[in-house]
Amino acid sequence: MLPQLARRLGLMVFTVWGALSLTFVILRIAPGDQATVQLGPEATAADVAALRTELGLDRPVFLQYLDYLGSAVTGDFGESYRFHDSAMTVILDRFPATVVLALSATVLALTVGLLLGVLAGRSPGRLTDRVISGCTLVMQAIPPFWSGIMLILLMALTLRLLPSAGSGDLEHLVLPAVTLAIPFTALVARITRSSVAEVTSEPYIQTARSKGLSERAVLTRHAVRNSVIPVVTMVSLHIGTLMGGAVIVEQVFAWEGVGSLLVSAVGNRDYAIVQGATVLIAIIVVTMNLLADLVNARLDPRIRAGVTS
Amino acid sequence: MSDKRPAPAGTAVISDQAPEGSRRASAGSLRVRELTIALPGPRGMAEVVDGVSFDMAEGRTTGLIGESGSGKSLTAMALVGLVPDTAVVSGQVLLGEENLLTAGRARIRQVRGAEISVVFQDPSTALNPTMTIGDQVGEILWGRGVSRAQARERAVELLEHVGIPDAAHRVGAYPHEFSGGMRQRAMIALALAGEPRFILADEPTTALDVTVQARILDLLGRLRDEDNLSMLLVSHDLRVMSHVADDLVVMYAGRVCERGAARTVLRTPLHPYTGALVRSVPSVRVGSAIADPLPGSPANPFDRPPGCPFNPRCPRAEDRCRTEVPALREIAPGRLSACHFAEELS
Ligand SMILES: Nc1ncnc2c1ncn2[C@@H]1O[C@H](COP(=O)(O)OP(=O)(O)OP(=O)(O)O)[C@@H](O)[C@H]1O
Ligand code: SF4
Ligand SMILES: [Mg+2]
């Protein structure tokens, strides 16, 4: 158990380090830096140079990197020049909003997706299956920014049922959560469908029937649990995609979470925020992956045996 | 130990075994009459099981033998209604006076497990990998007003009954923690949980190591005697049959070609196919060490040759065999054969 866990934690640290370093590199490669953006186009070269020295941007890149790594480990990503505050404070301030959005979308996608997937998968090829599979195919193909705009047009501007933009309460949450959930629901439904279709042709389902169980008992006691295992694995692999979607959706709906903060920080070369937010998102993704693995170990005794031995 | 043995399902216990060849009153038998199963094939519906009749006599093991694709599994599963959705089934499966084929879904569900149970071929896939052995064995009792704790106790008893050591602890284990032989024992315990009178064992040893095959067959034989069960043993292995079957039903391309008491059928086959089967297994035929493999390949039940389905491979085939379907006839008392020339073989 311990070596397994140690390896797992090592992998998580490695992933976060990768995200950290990649962000650092990309920010340095991108044209312009914090000094030019902060001072604007009218600034003299001398002013820019002075600010760079002050920010330490003229030092060798490698030293900057070591410095950055050193303080990142302690959770310090420096000051945001726009917010005049520690980047972590600013990010953590926005963090709950993103958690609420991502969690609502996940719960929505899992409930609807599992339901649709089981309905389709238990009678493959039938009408229910064909309708559901057709819908999910379309849902998966729609990019979130487009479905977001369509939802705003329909629900907010035409029907005037919900606000088009803003942050905080339930009214404002509905549209971004639904937008974010659409492709994820489709993904969950499609994996569940094929998983259920596969599991229901397993011999142990026939065994369950041979005991005289009702079809409902066969489905709920024997088919669903075994079908969910690959779904959890796939969902875990797509947590990153979900977080990426959250960044875009927050931007479209002006939802004040880490995602929209990140987008504006990139535009303004607010290095501290960009780096801090990226690392936070990376940590969320690896934690969710770990969580998914624990859920699977809970569901599947064979995995449990692998994890604990 | 004996006080923990499952009682036979609410039927009168008949004290001794039927002597070979005697015909019991039908109440204790499961009678299959003209069972026909049509499946959609490349050229429309095809009767892959065609007019199969036999009895599962009380307290006896009926062997159902035939090559791969001859319709053994379909026949066995049809007795409990576990056929593919696309199958069209006709004929009669008589439990007492009740025809199970027309009994309706709810009634069939009552029969499954409680009257007729199934032991499947491969216990590594026929057991749910995410449910404990104990829950799978006891599950059939949950719906009968038995508490989960009581069902688990009963599962421990059943696991002991089928020879699983340390059953009280193993009851909480998962299938992957069992060896193949132990899994099949658990599968058998599962089949016994509902206290059925009839067990359908579809190739119960084919997926197991040779060393444990004999032990599982012994177990099935012991249970049949102790619990007064009637058993249908499906196998393509004549050696297995010669050890455990009391009665034999030989199938070829979806039809019965020979029926009778196992010993006499194997000693003096009344159908060329049975004869060829016997000759293909050296140890079955006394005084011969040389196997004589069956020539040709099994008939495709979706595309049966006209006349006797065995005619392309039959050394005795004549013109009549290619046009006229031989009926299953009683050749000698208790001996039935579907060969035009059965009399000449005896
Ligand atoms: N679900 C199904 N759909 C279509 N055809 C099937 C199905 N199940 C069985 N068949 C066909 O019916 C025929 C009889 O099958 P069955 O499984 O009863 O044979 P078997 O005698 O048990 O053979 P084996 O020794 O290989 O188990 C075979 O030709 C098989 O291809
Ligand atoms: S009927 Fe003819 S082909 Fe068929 S088994 Fe008898 S002899 Fe052979
Ligand atoms: Mg079979």
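Quick caveat, the model's predicted, so the values are computed rather than measured. (Residues numbered from 1 in each chain as written. Chains lettered and ligands numbered in written order. Predicted model: local features only at pLDDT ≥ 70, side-chain atom pairs only at ≥ 80, totals over all residues. Heavy atoms only, no water.)

Visitor: Is there a simple way to explain the overall build of chain B in this structure?
Guide: When its secondary structure is counted, chain B shows 13 helices and 12 strands. In chain B, once contacts between residues fewer than 6 apart in sequence are set aside, the share between residues at least 24 apart is 64%. (Helix = DSSP H or I, 4+ residues; strand = E, 2+ residues; numbered from the N terminus. Contact = heavy atoms within 4.5 Å.)

Visitor: In this structure, what is going on with the interface of chain B and chain A? I would like to understand it.
Guide: The extent of an interface is frequently quoted as the accessible surface area lost upon association of the parts. Chain B puts 21 residues into the contact, and the matching count from chain A is 21 residues. Linking chain B to chain A there are two salt bridges. Between Glu139(B) and Arg221(A) there is a salt bridge, and its shortest N-O distance comes to 2.7 Å. At the boundary of chain B with chain A, the tally comes to 11 residue pairs in polar contact (both at pLDDT 80 or more). Those elements giving two or more residues to the side of chain B that touches chain A turn out to be α3 (123-126), α4 (133-142) and α7 (180-192) of chain B. (Salt bridge = Lys/Arg side-chain N within 4 Å of Asp/Glu carboxyl O. Polar contact = N/O pair within 3.5 Å; in protein donor to acceptor, adjacent residues only side chain to side chain.)

Visitor: Would you mind showing me how to read the site of ligand 1 here?
Guide: Residue and element names in this part refer to chain B. In the vicinity of ligand 1 lie 14 residues, with Ser68, Gly69, Lys72, Ser73 and Leu74 positioned nearest. A distance of 2.5 Å is found between an oxygen atom of ligand 1 and a side-chain nitrogen or oxygen belonging to Ser68. For ligand 1, an oxygen atom lies 2.9 Å from a polar atom in the backbone of Lys72. For ligand 1, whose free accessible area comes to 630 Å², the fraction covered by protein is 65%. Of the residues forming the shell around ligand 1, the biggest block, three residues, is contributed by helix α1 (residues 72-78). For the shell around ligand 1, the class distribution of residues is six nonpolar, five polar and three charged. (Near = heavy atom within 4 Å. Areas by Shrake-Rupley, 256 points an atom, 1.4 Å probe, with all protein chains shown as cover. Nonpolar A, V, L, I, M, F, W, Y, C, P; charged D, E, K, R; others polar.)

Visitor: Would you mind going over the environment of Gly113(B) with me for this structure?
Guide: Within the secondary structure, Gly113(B) sits in the loop between α2 (105-111) and β6 (116-119). What makes Gly113(B) buried here is its relative accessible area of 2%. Remark: the alpha-carbon pair of Gly113(B) and Ala332(B), spanning 219 residues in sequence, is separated by 36 Å. If sequence neighbours within four positions are ignored, Gly113(B) has contacts with Ser210(A), Ile140(B), Ala191(B), Gly194(B), Glu195(B) and Pro196(B). (Buried < 20%, exposed > 50% of the residue type's maximum accessible area, 1.4 Å probe, protein only.)

Visitor: Any chance you could explain the sheet that holds strand β11 (residues 329-332) of chain B here in plain terms?
Guide: In a beta sheet, neighbouring strands are held together by backbone hydrogen bonds and run either parallel or antiparallel to one another. Residue and element names in this part refer to chain B. Judged by pairing direction, the sheet is mixed, and its eight strands sit side by side in the order β6-β7-β8-β3-β9-β10-β12-β11 without closing on themselves. For this open sheet the edge positions go to β6 and β11, each flanked by a neighbour on one side alone. On average, adjacent strands in this sheet sit at an angle of 20° to one another, irrespective of strand direction. Pairing geometry for β6 and strand β7 (residues 198-202), over four bridges, is parallel. In the sheet register, Ile116 faces β7, and the bridge partner there is Phe198. Sheet strands in contact with helix α11 (residues 272-279) are β9 (247-252) and β10 (255-261), and its direction is about 105° off that of β9. (Pairing = 2+ DSSP bridges. Axes fitted to C-alpha atoms, helices over the stretch in contact; angles between N-to-C directions.)

Visitor: Just checking my understanding: could you explain the UniProt feature "transmembrane region" (unreviewed entry) in chain A for this structure?
Guide: Residues annotated by UniProt as "transmembrane region" (unreviewed entry) correspond here to residues 9-30, 95-120, 141-161, 173-191, 228-253 and 273-295 of chain A. In residues 95-120 of chain A, helix accounts for 100% and strand for 0%; the two terminal C-alpha atoms are 37 Å from one another. (UniProt positions renumbered as here; feature names shortened; annotations may be inferred.)

Visitor: I'm lost on the site of ligand 2 in this one. Help?
Guide: Close contacts around ligand 2 come from 13 residues, with Cys308(B), Cys314(B), Cys321(B), Cys339(B) and His340(B) the closest. Classifying every residue of the shell around ligand 2 gives nine nonpolar, three polar and one charged.

Visitor: Help me understand the packing of helix α6 (residues 127-141) of chain A against helix α8 (residues 170-199) of chain A, please; the structure alone is not making it clear to me.
Guide: For any two helices packed against each other, one specifies the crossing angle of their axes together with the interaxial distance. Residue and element names in this part refer to chain A. Between α6 and α8, the least distance of the axes is 8 Å, while the angle of their chain directions is 140°. Compared by their axis directions, α6 and α8 come out oblique. In this structure, the crossing between α6 and α8 has a hand that is left-handed. For the pair α6 and α8, the contacting residues are Asp129, Ser133, Thr136, Leu137, Met139 and Gln140 in the first and Ile182, Pro183, Thr185, Ala186, Leu187, Ala189, Arg190 and Arg193 in the second. Across the contact of α6 with α8, the residue classes break down as seven nonpolar, four polar and three charged. (Parallel < 35°, antiparallel > 145°, perpendicular 65-115°, else oblique. Left-handed = near helix turned anticlockwise from the far one by under 90°.)

Visitor: Looking at this structure, I do not really get the packing of helix α11 (residues 239-252) of chain A against helix α12 (residues 258-267) of chain A. What am I missing?
Guide: Residues and elements named next belong to chain A. Contact geometry for α11 and α12: axes closest at 7 Å, N-to-C directions at 85°. Relative to α12, the element α11 lies roughly perpendicular. Contacts between α11 and α12 pair Val247, Glu250 and Gln251 from the former with Val258, Gly259, Ser260, Leu262 and Val263 from the latter. Residues of the contact of α11 with α12, tallied by class, amount to four nonpolar, three polar and one charged.

Visitor: Can you help me understand helix α4 (residues 61-73) of chain A in this one?
Guide: Because each turn of an α-helix spans 3.6 residues, side chains separated by three or four positions in sequence point in the same direction. For α4(A), with 13 residues, the first-to-last C-alpha span of 18 Å sits near the 18 Å given by 1.5 Å per residue. Gly75(A) lies just past α4(A) and shows a positive phi near 85°. (Expected span 1.5 Å × (residues − 1).)

Visitor: Looking at this structure, I do not really get the domain arrangement of chain A. What am I missing?
Guide: All names here are of chain A. Segmentation of chain A into domains returns domain 1 (2-87) and domain 2 (90-304). Taken together, the contact pairs 28 residues of domain 1 with 24 residues of domain 2. In total, about 2200 Å² of surface goes out of reach between domain 1 and domain 2, with carbon and sulfur atoms giving 64% of it. Contact with domain 2 buries surface across domain 1, with Arg8, Leu27 and Arg82 losing the most and accounting together for 25% of the total. (Domains from an automatic or database assignment. Buried area = accessible area lost by both parts, 1.4 Å probe.)

Visitor: Would you explain a negative patch on the surface in this entry?
Guide: On the surface, Asp76(A), Glu79(A), Asp85(A) and Asp93(A) cluster together into a negatively charged patch. The topology assignment puts Glu79(A) in strand β1 (residues 79-80). (Patch = residues over 30% accessible without salt bridge, like charges linked within 9 Å, V, L, I, M, F, W, Y side chains within 5 Å. Lys, Arg positive; Asp, Glu negative; His and termini not counted. Charge placed at Lys NZ, Arg CZ, Asp CG, Glu CD.)

Visitor: What should I look at first to understand the pattern of salt bridges in this one?
Guide: Should their charged atoms come close, side chains of opposite charge can pair. Residues and elements named next belong to chain B. For the structure on display, the rule yields 28 salt bridges over all chains. Between Asp247 and Arg60 there is a salt bridge, and its shortest N-O distance comes to 2.8 Å. Residue Asp247 is found in strand β9, and its partner Arg60 is found in the loop between β2 (44-56) and β3 (61-65); the two are separated by 187 residues along the sequence. A single burial state applies to Asp247 and to Arg60, both of which are buried. Measuring nitrogen to oxygen at the nearest pair gives 3.0 Å for the salt bridge that ties Asp246 to Arg224. One end of the pair, Asp246, is in the loop between α9 (238-244) and β9; the other, Arg224, is in helix α8 (residues 210-226), and 22 residues separate them in sequence. For Arg224, a relative accessible area of 12% puts it in the buried group.

Visitor: How should I be thinking about the packing of aromatic side chains in this particular structure?
Guide: Any pair of aromatic rings gets described here by the distance separating the centres and the angle formed by the planes. All names here are of chain B. Counted under the stated rule, the structure contains six aromatic pairs over all chains. The ring of Trp142 carries Arg148 above its face, with NZ or CZ at 3.6 Å from the centroid. One residue, Arg170, lies across the ring of Phe178, its end atom 4.6 Å from the ring centre. (Phe/Tyr/Trp six-rings, centres within 6.5 Å; stacked < 30°, edge-to-face > 60°. Lys NZ or Arg CZ within 6 Å of the ring centre and 35° of its normal.)

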